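The chain contents come next:
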Amino acid sequence: MLRVDLRELARGPVETRGELKQDDPALEGMDVSLREPVVVSGRLQAIGEGRFYWQGKATTAIQGECRRCLTPVSVPLSLEIGALFTQDAEALDDPDSYAVAPDAMEIDVTRAVREELLLEAPRFAVCREDCKGLCPQCGKDLNAGPCGCAPATEARWQPLQALKDLLRSN
């Protein structure tokens, strides 16, 4: 459960465990495609009047395409999250702080998990660091071997190539 009843904190820190499915409404609108649910665990504790600190972990896997060769890719993601939930408006200057209404009966840590997931998820994945990508002329996957196309040269380099050829001939 990612919601903690604040009355439970009177006995001490409260363990949180839960899972956010890929189609969870809390994850709606993210430009990240999840391959697995987000598994969350952590601990919420009171750290003063109207202040609560949650320390947790979240794990999942992101799915997408390699930005170089377009093959399907799955990227594991493990997050360490620390979030301050506070009723003090002045403490909200901290980017890791979340507002809690003075009359709140519970804290939902889902917002902190979602935000950290958005910040840490890779925007562009590669299948491997040495991926050679696709040939810009014929589209062949260069990881499977060379394609045989002549190296492409841009028109703006033609005058320099002509000068280089001229110097070689002299």
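Please refer to the structure higher up on the page.
## Some words on the environment of Pro151
Here's step 1: With respect to the helices and strands, Pro151 occurs in the loop between helix H1 (110–120) and helix H2 (158–169).
Here's step 2: Looking at Pro151, the relative accessible area reads 73%, which means it is exposed.
Here's step 3: Distance from Pro151 to Arg68, taken between C-alpha atoms, is 18 Å for residues 83 residues apart in sequence.

## Some thoughts on the side chain of Thr16
Here's step 1: Position of Thr16 relative to the elements: it lies in strand S2 (residues 14–20).
Here's step 2: Taking relative accessible area as the criterion, Thr16 reaches 1% and is therefore assigned buried.

## A few points about the packing of aromatic side chains
Here's step 1: In the structure shown here, the tally under the stated rule is one aromatic pair.
Here's step 2: The lysine or arginine in question, Arg67, covers the ring of Phe124, its NZ or CZ lying 3.9 Å from the ring centre.

## Overview of the pattern of salt bridges
Here's step 1: Using the criterion set out here, one finds seven salt bridges in the structure.
Here's step 2: Between Asp130 and Arg128 there is a salt bridge whose closest N-O contact spans 2.8 Å.

## A word on the pairing of strand S5 (residues 51–65)
Here's step 1: As paired strands, strand S3 (residues 33–34) and S5 are joined by two bridges and run antiparallel to one another. Pairing of Leu34 across the sheet is with Ile62, part of S5.
Here's step 2: Where strand S4 (residues 38–48) hands over to S5, the hairpin turn is made up of two residues, of which Gly50 adopts a positive phi near 70°.
Here's step 3: Pairing analysis gives 15 bridges linking S5 to strand S6 (residues 72–86), with the strands arranged antiparallel. When the bridges of S6 are listed, Gly64 appears paired with Val73.

## Section: the nonpolar core
Generally speaking, soluble globular proteins have nonpolar side chains that are buried together.
Here's step 1: If you look at the biggest cluster of nonpolar residues, it comprises 30 residues, and the most contacted ones within it are Val38, Leu44, Trp54, Phe85, Ile107, Val113 and Leu117.
Here's step 2: With five residues, the top contributor of residues to this core is S6.
Here's step 3: For Val38, the contacting residues outside a window of four places in its chain are Gly18, Glu19, Leu20, Leu27, Ala58, Thr59, Thr60, Val113 and Leu117.
Here's step 4: Formed by five residues, the second largest nonpolar core is a distinct cluster that contains Cys66, Cys69, Ala125 and Cys131.

## Things to note about the environment of Pro95
Here's step 1: Along the chain, Pro95 falls in the loop between S6 and strand S7 (97–99).
Here's step 2: It is 9.0 Å that separates the C-alpha atoms of Pro95 and Ala83, two residues lying twelve residues apart in sequence.

Cut-offs used in this document
Residues numbered from 1 in each chain as written. Predicted model: local features only at pLDDT ≥ 70, side-chain atom pairs only at ≥ 80, totals over all residues. Heavy atoms only, no water. Helix = DSSP H or I, 4+ residues; strand = E, 2+ residues; numbered from the N terminus. Buried < 20%, exposed > 50% of the residue type's maximum accessible area, 1.4 Å probe, protein only. Phe/Tyr/Trp six-rings, centres within 6.5 Å; stacked < 30°, edge-to-face > 60°. Lys NZ or Arg CZ within 6 Å of the ring centre and 35° of its normal. Salt bridge = Lys/Arg side-chain N within 4 Å of Asp/Glu carboxyl O. Pairing = 2+ DSSP bridges. Core = buried A, V, L, I, M, F, W, Y, C linked by side-chain atoms within 4.5 Å. Contact = heavy atoms within 4.5 Å.

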